[in-house]
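# A structural walkthrough
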Amino acid sequence: MEFETVLVYDGECPYCSVAARALRELDGMGALSWYDDAAGAALEAQFGERPFAMVLFDRREGRVYAGRSAAEELATRAGMPGLVGSLVRDNYDGIAAAVGLASGRDRDPDDYHDSYPMREATGRAFRELAAAASGQPVTA
C-alpha cells in the first residue's frame, strides 16, 4: 500500500502505539515509530534535526504538522467535531504530560507545534518513510 500520509509517533509509548494503530484505519495513512531510521531521516530532512514530537507528514498537501497542530489535524481527519480538535490542540501539553507519566516516558516532547510547508528534501525522504510505514521495501 502506498501511503500519502504518515504519522511519526513515540513507538515506546503504549498509549501512543494504540492510538497510531487506530489511526491506520484512516484511508491512506500510515504510522511509524519515532525510533525508526526512516522517521529520523524524514524529520532531519524537514527540521534539520530530529525533534521528539508527534509529526504528521502529508505528501498530497505538501504539509507537515507537528505537536498541537498534528493532534488537531488527526482529530479532524478522524471525523471528530471541530470542538474536539480544538480541545486536543489547546490541551496538548497536558495530554502529552499525562501520557508520558502513565507510560514512564522520561522526556518531554520538543517544542514543535505548527504546520509547515513540506521541504523538497522531505518530499524525497517521504518515499522511504511511506515504505517503512507499510512494512514494504522501497521499490524502483
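Residues numbered from 1 in each chain as written. Predicted model: local features only at pLDDT ≥ 70, side-chain atom pairs only at ≥ 80, totals over all residues. Heavy atoms only, no water.

## A word on the pairing of strand S2 (residues 29-33)
For S2, the buried fraction is high: 5 of the 5 residues fall into the buried class. Side chains Met29, Ala31 and Ser33 project from S2 onto one buried face, and the interleaved Gly30 and Leu32 project onto a second face that is buried too. (Buried < 20%, exposed > 50% of the residue type's maximum accessible area, 1.4 Å probe, protein only. Helix = DSSP H or I, 4+ residues; strand = E, 2+ residues; numbered from the N terminus.)

## Examining helix H6 (residues 120-134)
Taking 1.5 Å per residue as the helical rise, H6 with its 15 residues ought to reach 21 Å, and the 22 Å between its terminal C-alpha atoms agrees with that figure. The largest bend along H6 reaches roughly 35° and is located at Phe126. Listed in full, the buried residues belonging to H6 are Thr122, Ala125, Phe126, Leu129, Ala130, Ala131 and Ala133. Of the surrounding elements, those touching the buried residues of H6 are strand S1 (5-9), S2, helix H2 (37-47) and strand S3 (55-58). Backbone geometry just downstream of H6 places Gly135 in the positive-phi region, at approximately 75°. (Expected span 1.5 Å × (residues − 1). Bend = angle between axes of the 7 residues up to and from the residue. Contact = heavy atoms within 4.5 Å.)

## Overview of the sheet that holds strand S4 (residues 63-66)
Spatially, S2-S1-S3-S4-S5 is the arrangement adopted by the 5 strands of the open sheet, whose pairing is mixed. Both outer strands of the open sheet, S2 and strand S5 (115-117), are each paired with one neighbouring strand and no more. The sheet shows a mean angle of 20° between the axes of neighbouring strands, direction not considered. In this sheet, S3 lies alongside S1 in antiparallel orientation, the contact comprising 4 bridges. In the strand pairing of S3, Thr5 is matched with Asp58. Against the sheet, H2 makes contact with S1, S2, S3, S4 and S5, and its axis sits at roughly 80° relative to S3, the strand it touches most. Against the sheet, H6 touches S1, S2 and S3, its axis set at about 75° to S1. (Pairing = 2+ DSSP bridges. Axes fitted to C-alpha atoms, helices over the stretch in contact; angles between N-to-C directions.)

## Notes on the side chain of Asp10
Structurally, Asp10 is set in the loop between S1 and helix H1 (14-23). At a separation of 3.4 Å, a polar atom in the side chain of Asp10 contacts the side chain of Tyr35. (Polar contact = N/O pair within 3.5 Å; in protein donor to acceptor, adjacent residues only side chain to side chain.)

## A word on a negative patch on the surface
A cluster of acidic residues, Glu49, Asp108, Asp110, Asp111 and Asp114, forms a negative patch on the protein surface. With respect to the helices and strands, Asp108 occurs in the loop between helix H5 (92-103) and S5. Take Asp108: its relative accessible area is 61%, and that puts it in the exposed class. (Patch = residues over 30% accessible without salt bridge, like charges linked within 9 Å, V, L, I, M, F, W, Y side chains within 5 Å. Areas by Shrake-Rupley, 256 points an atom, 1.4 Å probe, with all protein chains shown as cover. Salt bridge = Lys/Arg side-chain N within 4 Å of Asp/Glu carboxyl O. Lys, Arg positive; Asp, Glu negative; His and termini not counted. Charge placed at Lys NZ, Arg CZ, Asp CG, Glu CD.)

## Describing the packing of aromatic side chains
Here the structure, examined in full by the defined rule, presents 4 aromatic pairs. Geometrically, the ring pair formed by Phe47 and Tyr116 is edge-to-face, given 5.3 Å between the ring centres and 85° between the ring planes. Placement of the pair is Phe47 in helix H2 and Tyr116 in strand S5, with a sequence separation of 69 residues. Judged by its relative accessible area of 16%, Phe47 falls in the buried class. Connected via pairs of aromatic rings, a cluster forms that spans Trp34, Tyr35 and Phe52. (Phe/Tyr/Trp six-rings, centres within 6.5 Å; stacked < 30°, edge-to-face > 60°.)

## Some words on the environment of Val8
The topology assignment puts Val8 in strand S1. Looking at Val8, the relative accessible area reads 0%, which means it is buried. With 62 residues separating them along the chain, Val8 and Ala70 place their C-alpha atoms 9.9 Å apart.

## What about the environment of Gly30?
Tracing the backbone through its elements, the reader meets Gly30 in strand S2. With a relative accessible area of 0%, Gly30 lands in the buried category. Counting along the chain gives 26 residues from Gly30 to Leu56, while the straight-line C-alpha distance between them is 9.6 Å. Every residue in contact with Gly30, bar those within four places of it in the chain, is listed here: Phe3, Thr5, Val6, Leu7 and Ala133.

Nothing here speaks to function; it is all geometry.
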